[in-house]
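For reference, the chains in residue letters:
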Amino acid sequence: MMAPAARCGASEAEGLRRIRLAGRRRLTRILHDEAGPSLCSAGLATELLRGTIPALSPEQEQLFTRLQGALDSAMETVRLLSQEASPDLAARRGLAGALETLARAFHARLEIRAEPPGLSPVAAAALCECLRDALLAAAEAGGAAEVMLSAGELRIRAAGLDDAHVLAALEATLRAAEPGIVIHAGPEEAIIRIPAGGNR
């Protein structure tokens, strides 16, 4: 039997939401403006260094290949983390694209059967914030997650979702965007019910 999440104060929830958004903007900015360019520069320097050696030995060739592979992998990780952390993810990629980015970042299985019709940008952003927090909780609990989106609900199967503090935070995020969007949770599943034409 699923029970509604515990409630927290509206002002407290709004304050926490603003702090989280500020933290994510800062992280996105650092990744995009500092970490990304630094990795690009390291990749270019590696290629330039490689070009200064007339004839690479097999060992040197292997070393440069491994180094370039490590840099490429790090660059892809930074790019994905920058996208996932962005507070504007839903606005930039749409709800389906945003969910795909989050699922990829957290190695979650995602199934999109249908998108909720008439969902406002604010409500879409709230769904993404809620899913991101749920996936973070699941990762902290050490379990895999499965996500399914349909016209009327977003269903998340993962460990750690029955924690009262986690549920209160998820509910507060949704309530700030659209009082009609509600969340119910059991030991390993949360169901976010989306009203038809939610928050137009």
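Going by the structure above, here's the rest.
As the structure is a prediction and not an experimental result, all values here were calculated from the model. (Residues numbered from 1 in each chain as written. Predicted model: local features only at pLDDT ≥ 70, side-chain atom pairs only at ≥ 80, totals over all residues. Heavy atoms only, no water.)

**Student:** Please explain the pairing of strand β2 (residues 109–112) as it appears in this structure.
**Tutor:** Looking along a regular strand, one sees the side chains alternate between the two faces of the sheet. Sheet topology places β2 next to strand β3 (residues 146–149); four bridges connect them, and they run parallel. Bridge pairing in β3 links E111 to M148. Handedness of the β2-helix α4 (residues 121–141)-β3 crossover: left-handed. (Pairing = 2+ DSSP bridges. Helix = DSSP H or I, 4+ residues; strand = E, 2+ residues; numbered from the N terminus. Right-handed = clockwise from strand over helix to strand, strands pointing away.)

**Student:** Looking at this model, I keep getting lost on unusual backbone geometry. Mind explaining?
**Tutor:** Note on backbone geometry: most residues besides glycine have negative phi, and most peptide bonds are trans. Of note in the backbone geometry, H107 takes a positive phi value of approximately 55° without being a glycine. When you line up the elements, H107 lands in the loop between α3 (89–105) and β2.

**Student:** Would you mind going over the pattern of salt bridges with me for this structure?
**Tutor:** Oppositely charged side chains can pair when the atoms bearing their charge come close. Throughout the structure, instances matching the rule amount to nine salt bridges. One salt bridge connects E61 with R50, and the closest N-O pair in it is separated by 1.9 Å. Within this pair, whereas E61 is found in helix α2 (residues 58–85), its partner R50 is found in helix α1 (residues 10–51), the two being separated by 11 residues in sequence. Salt-bridge contacts for R132 lead to E84; the nearest nitrogen and oxygen are separated by 3.2 Å. With R132 in helix α4 and E84 in helix α2, the pair connects residues that are 48 residues apart, well separated along the chain. The pair formed by R132 and E84 is uniform in burial state, with each residue classed as buried. Ionic contacts of the salt-bridge type, sharing partners, join the residues E153, R155, R157, E189 and R193 into one network. (Salt bridge = Lys/Arg side-chain N within 4 Å of Asp/Glu carboxyl O. Buried < 20%, exposed > 50% of the residue type's maximum accessible area, 1.4 Å probe, protein only.)

**Student:** What is the right way to read α2 from this model?
**Tutor:** For α2, built from 28 residues, the straight-helix expectation of 40 Å at 1.5 Å per residue is met to within 8% by its first-to-last C-alpha distance of 40 Å. Among the residues making up α2, those that are buried are F64, Q68, L71, V78, L80, S82, E84 and A85. (Expected span 1.5 Å × (residues − 1).)

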